[in-house]
Amino acid sequence: MHAQTLLFGTFGSIFFLNYILGSLWIGTILKLKDLPVNSTFNYADSCGANNCPATVLPESASKPSVSSVYALCATINGACVLSILIAFFFVDDLKYDENMNKIERGKFGIQKIMLKFKNEFDSLYELFKQLKIWLLMPIAVFLGYELTFMWYEFHRSFVSCLKNVNFIGWVSITFGVAASLFSLISGRLVKYIGLQTTVVLMLMKSLILQVFMLSWTPNPESGVYIIFLMALSLAFTDCLATSQVRAIFGIFFPSNPSAYSAAVIFETIGLVIGSALSVYFCTQIKLYVFLGITITGIFSYIYLEIRHNFKAEDEKF
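Residues numbered from 1 in each chain as written. Predicted model: local features only at pLDDT ≥ 70, side-chain atom pairs only at ≥ 80, totals over all residues. Heavy atoms only, no water.

Draft legend 1. Here's a closer look at the overall build of the protein chain. Within the protein chain, the regular secondary structure consists of eleven helices and zero strands. Reading the secondary structure of the protein chain in the N-to-C direction produces α-α-α-α-α-α-α-α-α-α-α. When each of the 317 residues of the protein chain is scored for burial, the buried share is 41%. Taking all contacts inside the protein chain whose residues are at least 6 apart in sequence as the whole, residues at least 24 apart take part in 87%. Just so you have it, the protein chain exposes about 18,100 Å², and 69% of that area is on carbon and sulfur atoms. (Helix = DSSP H or I, 4+ residues; strand = E, 2+ residues; numbered from the N terminus. Buried < 20%, exposed > 50% of the residue type's maximum accessible area, 1.4 Å probe, protein only. Contact = heavy atoms within 4.5 Å. Areas by Shrake-Rupley, 256 points an atom, 1.4 Å probe, with all protein chains shown as cover.)

Take a look at the structure:
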């Protein structure tokens, strides 16, 4: 168990560095300038949980030049090409499959691809017959929904609405540094307090933040520190969810690698729900949905652990 949680924690630490590099990258190229605070804008009624897709945010930053936008697109495309070249020239092929059988490299064929898809589908079908996978579903949906909430709602309703677009960069850097550090220690945390306690702590922490977001009255003057504290709280939750949720699926289904595919499917469902709600509903509604997913995740995971422990005790006798 500890090896898997440590592995995903290390991967999460490297992954979250992109928030730091990306924010510095975009800020350096676009060079947006802050505009004076709009004194006529009602922040309390238009920001935070009260923000809606139709809400017109105050112009608090200058628009980027066309040349800087093209420069940013070219830089991103260049980074994509560079990553492809690095993977092509420096990443070795897998020599063994999940059952430690040597992989035979043959001709690329449609029949082989279809056979692989069929085996994966059959494995997922057998997996979905088990109650355990459905009890794990809410925490994977939680991960996907939490990511969309952070990307869309938090940045729009709490950061750019209260301050300005430039401020998203500073908040993202804070989030990236905190999430990267938290991911590194998450494996150790699991080792000392246990996976069950860590997951429940993660969900409870997110629940507290959601309730606070619903009850908080936005203020552009005193809200700066609150925004950074929210970013730190989201970093703690997101790093644990990203690094440990997938590890949980592998722990409960050690002999079925398709469990990771199931985790991605459930996470995608959360992403789709969050993205769909983001277009049509106000942040308050999205927070209530978030509360429902989180509470369901807490009870379903606790029930799964209790059921699993009772079954393990019965097998001893």
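Anyway, onward from the coordinates.
Draft legend 2. Just the environment of Ile 76, in detail. As for its placement among the helices and strands, Ile 76 is situated in helix H4 (residues 66–90). Residue classification places Ile 76 among the partly exposed positions, given a relative accessible area of 39%. Linking Ile 76 and Ile 26, residues 50 residues apart in sequence, is a C-alpha distance of 9.7 Å.

Draft legend 3. Broad picture of the nonpolar core. Leu 136, Phe 154, Met 213, Ile 248, Phe 249 and Tyr 301 are the most contacted members of the largest nonpolar core, which totals 65 residues. Those elements giving two or more residues to this core turn out to be helix H5 (110–127), helix H6 (131–160), helix H7 (165–193), helix H8 (195–215), helix H9 (223–252), helix H10 (258–280) and helix H11 (283–316). (Core = buried A, V, L, I, M, F, W, Y, C linked by side-chain atoms within 4.5 Å.)

Draft legend 4. Quick look at the packing of H6 against H8. At a closest axis distance of 13 Å, the pairing of H6 and H8 adopts a crossing angle of 30°. In the crossing of H6 with H8, the sense of the turn from one axis to the other is left-handed. Each of Ile 139, Phe 142, Phe 149, Phe 154 and Phe 158 in H6 lies in contact with H8, whose residues at this interface are Met 202, Leu 203, Ser 206, Gln 210 and Met 213. (Axes fitted to C-alpha atoms, helices over the stretch in contact; angles between N-to-C directions. Left-handed = near helix turned anticlockwise from the far one by under 90°.)

Draft legend 5. Main features of the side chain of His 155. Along the chain, His 155 falls in helix H6. By relative accessible area, His 155 is classed as buried at 15%. Separated by 3.2 Å, the side chain of His 155 and the backbone oxygen of Trp 151 make a polar contact. Not counting residues up to four positions away in its chain, the partners in contact with His 155 are Met 150, Ser 160, Ile 168 and Ser 172. (Polar contact = N/O pair within 3.5 Å; in protein donor to acceptor, adjacent residues only side chain to side chain.)

Draft legend 6. Looking closely at the packing of aromatic side chains. Counting across every chain of the model gives ten aromatic pairs. Seen from their ring centres, Tyr 145 and Phe 290 are 5.2 Å apart, and the 50° between their planes marks the pair as tilted. Separated by 145 residues along the polypeptide, Tyr 145 in helix H6 and Phe 290 in helix H11 bring together distant segments of the chain. The two residues Tyr 145 and Phe 290 agree in class, both being buried. Ring centres of Phe 149 and Phe 290 lie 5.5 Å apart, and the angle between their planes is 45°; on these two criteria the pair is classed as tilted. Of the two residues, Phe 149 is situated in helix H6 and Phe 290 in helix H11; the sequence distance between them amounts to 141 residues. Taken as a pair, Phe 149 and Phe 290 share a single burial class, namely buried. Geometry around Phe 253 places Lys 132 over its ring, the cationic atom sitting 4.7 Å from the centre. (Phe/Tyr/Trp six-rings, centres within 6.5 Å; stacked < 30°, edge-to-face > 60°. Lys NZ or Arg CZ within 6 Å of the ring centre and 35° of its normal.)

Draft legend 7. Focus on a nonpolar patch on the surface. Side chains of Val 81, Leu 82, Leu 85, Ile 86, Phe 88, Phe 89 and Phe 90 sit close together on the surface and give an oily, nonpolar patch of about 790 Å² of accessible area. With respect to the element layout, Leu 82 can be found in helix H4. (Patch = residues over 30% accessible without salt bridge, like charges linked within 9 Å, V, L, I, M, F, W, Y side chains within 5 Å. Salt bridge = Lys/Arg side-chain N within 4 Å of Asp/Glu carboxyl O.)

Draft legend 8. A look at empty space enclosed by the protein. For the structure shown, the criterion picks out one cavity of 30 Å³ or more. Size it by volume and the largest cavity reaches roughly 50 Å³. Along the walls of the largest cavity sit Tyr 19, Met 150, Phe 154, His 155, Val 171, Ser 172, Phe 175, Ala 231 and Leu 234, which together make up its complete lining. Listing elements by their share of the lining of the largest cavity, those giving two or more residues are H6, H7 and H9. (1 Å grid on protein atoms, 1.4 Å probe; cavity = no way out; pocket = protein on both sides within 12 Å on 5 of 7 lines; lining within 4 Å. Points joined across faces, edges and corners; volume = space filled by probe spheres on them.)

Draft legend 9. Here's a closer look at H9. Between its first and last C-alpha atoms H9 spans 42 Å; for 30 residues at 1.5 Å apiece the expected length is 44 Å, and the two agree. Largest kink in H9: about 30°, centred on Gln 244. (Expected span 1.5 Å × (residues − 1). Bend = angle between axes of the 7 residues up to and from the residue.)

Draft legend 10. Representation of the packing of H8 against H9 in the model. In the contact formed by H8 and H9, the axes pass within 9 Å of each other and the chain directions differ by 145°. At the point where H8 passes H9, the crossing takes the left-handed sense. Along its contact with H8, which presents Leu 195, Thr 198, Val 199, Leu 201, Met 202, Lys 205, Ser 206, Leu 209, Phe 212 and Met 213, the element H9 presents Ile 226, Met 230, Ser 233, Leu 234, Phe 236, Thr 237, Leu 240, Ala 241, Gln 244, Ile 248 and Ile 251. Across the contact of H8 with H9, the residue classes break down as 15 nonpolar, five polar and one charged. (Nonpolar A, V, L, I, M, F, W, Y, C, P; charged D, E, K, R; others polar.)

Draft legend 11. Main features of the side chain of Ser 233. By the secondary structure assignment, Ser 233 is in helix H9. When its relative accessible area of 7% is taken as the criterion, Ser 233 is described as buried.

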